[in-house]
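# Close look at the chain arrangement
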Amino acid sequence: MDHILEVEHLKMYFGGVKAVDDLSFYVKQNELLGVIGPNGSGKTTMFNALTGVYKPTDGKITFNGADITGQPLDSMVHHGISRTFQNLRVFKAMTVLDNIMIGDSKNIKTNLLDAVIRTPKFRKYERESREKARELLSLLGLSKWEKEYVGSLPYGIQKRIEFARAVIVDPDLLLLDEPAAGLNSKEAENLMELILYVKEKMGFAVILIDHNMKIMMSSAERILVMESGRELAVGLPVEIQNDPNVINAYLGGE
């Protein structure tokens, strides 16, 4: 199937507020779909409805041919979906390596007793997870900070660590919610180059929300524009740049 994700008539209502209102779209295998729109247009709510943070009011979400509508957040990683959040969510009192290894917990097939008494089975999975995390740190240029506590590192490095933790699960689809927020223009460009490099290296699809239009127009293969919870436009970056409705609603007119 060419479409890894299909969203049909998705609705997310909070009382009388229609945060997401009859939204339909798809994501192709290995595609980067950008999502833009004014603040309050429903972008993050859509992410939350897709990933089980919220149970959709209505609609259908199909991923890799399976109906995952309304399934809880903790089940998504087992389907092959990973995500980051708007606000940085790293464990600042833990080392970089430990932060990454936490992301790989779904692949550790042991129980609490194994962990407490450190059985050979637990040590085997821990060793494999550590090796996998170190390979990823090398890929992302983070190896020299492996033993550093995350809270002592610059914000831009912490953003890379959060991204690494999201991709160590080997996702088929990665949802990135404003990964460049809080970064200067150079840091944002460097992070986006890294995301694109790892995406091609590992072969996953991406849905990217970001307000950095330079990054979005140069990185996304298609762009979905949202307004008031609905689709305003969808198309190639050049089509979106020249769409009069988009210009008036989001890019600022003449």
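Provided above is the structure to which this section pertains.
As the structure is a prediction and not an experimental result, all values here were calculated from the model. (Residues numbered from 1 in each chain as written. Predicted model: local features only at pLDDT ≥ 70, side-chain atom pairs only at ≥ 80, totals over all residues. Heavy atoms only, no water.)

What follows is about the overall build of the protein chain. Across its full length, the protein chain holds 10 helices and 10 strands. A compact globule built from 254 residues should have a C-alpha radius of gyration of about 18 Å, and the protein chain, at 19 Å, falls within 12% of that. Here the protein chain holds 254 residues, and the buried ones make up 47% of them. Taking the contacts inside the protein chain whose residues are at least 6 apart along the sequence as the reference set, 66% of them involve residues at least 24 apart. Taken as a whole, the protein chain presents about 12200 Å² of accessible surface, with 49% of it coming from carbon and sulfur. Charged side chains of the protein chain number 30 positive and 34 negative; the gap between the two group centres comes to 7 Å. (Helix = DSSP H or I, 4+ residues; strand = E, 2+ residues; numbered from the N terminus. Rg over C-alpha atoms; globule rule 2.2 N^0.38 Å. Buried < 20%, exposed > 50% of the residue type's maximum accessible area, 1.4 Å probe, protein only. Contact = heavy atoms within 4.5 Å. Areas by Shrake-Rupley, 256 points an atom, 1.4 Å probe, with all protein chains shown as cover. Lys, Arg positive; Asp, Glu negative; His and termini not counted. Charge placed at Lys NZ, Arg CZ, Asp CG, Glu CD.)

Below, the discussion takes up the pairing of strand β8 (residues 205-209). Across a regular strand the side chains alternate sides, sitting on one face of the sheet and then on the other. Within β8, five of the five residues are buried, which leaves it mostly tucked inside the rest of the structure. Burial of β8 is two-sided: the residues Ala205, Ile207 and Ile209 facing one way and the residues Val206 and Leu208 facing the other way are all buried. Here strand β3 (residues 32-36) runs beside β8; their pairing, made up of four bridges, is parallel. Opposite Val35, over in β8, you have Ile209 as the bridge partner. Bridge count for strand β7 (residues 173-177) against β8 is five bridges, and the pairing is parallel. Each residue of the ladder has a partner; that of Asp177, found in β8, is Ile209. Once the chain exits β7 it traverses helix α7 (residues 185-202) before rejoining the sheet at β8, and the crossover so formed is right-handed. (Pairing = 2+ DSSP bridges. Right-handed = clockwise from strand over helix to strand, strands pointing away.)

Of the volumes computed, that of the largest pocket is approximately 560 Å³. Lining the largest pocket are 21 residues, with Val77, Ser82, Arg83, Phe85 and Arg165 positioned closest to its centre. Mapped by element, the contributors of at least two residues to the lining of the largest pocket are α2 (73-79), β6 (81-83), α3 (96-103) and α6 (155-167). Take the lining of the largest pocket: its biggest share by element is five residues, from α2. Residues of the lining of the largest pocket, tallied by class, amount to nine nonpolar, six polar and six charged. (1 Å grid on protein atoms, 1.4 Å probe; cavity = no way out; pocket = protein on both sides within 12 Å on 5 of 7 lines; lining within 4 Å. Points joined across faces, edges and corners; volume = space filled by probe spheres on them. Nonpolar A, V, L, I, M, F, W, Y, C, P; charged D, E, K, R; others polar.)

Three- or four-residue spacings in an α-helix give side chains the same orientation, since the helix completes a turn every 3.6 residues. Across the eight residues that make up α3, a large majority, six, are buried. Of all the positions in α3, only Val96, Leu97, Asn99, Ile100, Met101 and Gly103 are classed as buried.

Structurally, the position occupied by Asn48 is in helix α1 (residues 43-50). Of the residues examined, Asn48 reaches a relative accessible area of 9% and is grouped as buried. As a C-alpha pair, Asn48 and Leu73 span 25 residues in sequence and 8.7 Å in three-dimensional space. Setting aside residues up to four positions removed in sequence, Asn48 forms contacts with Val53, Tyr54 and Arg83.

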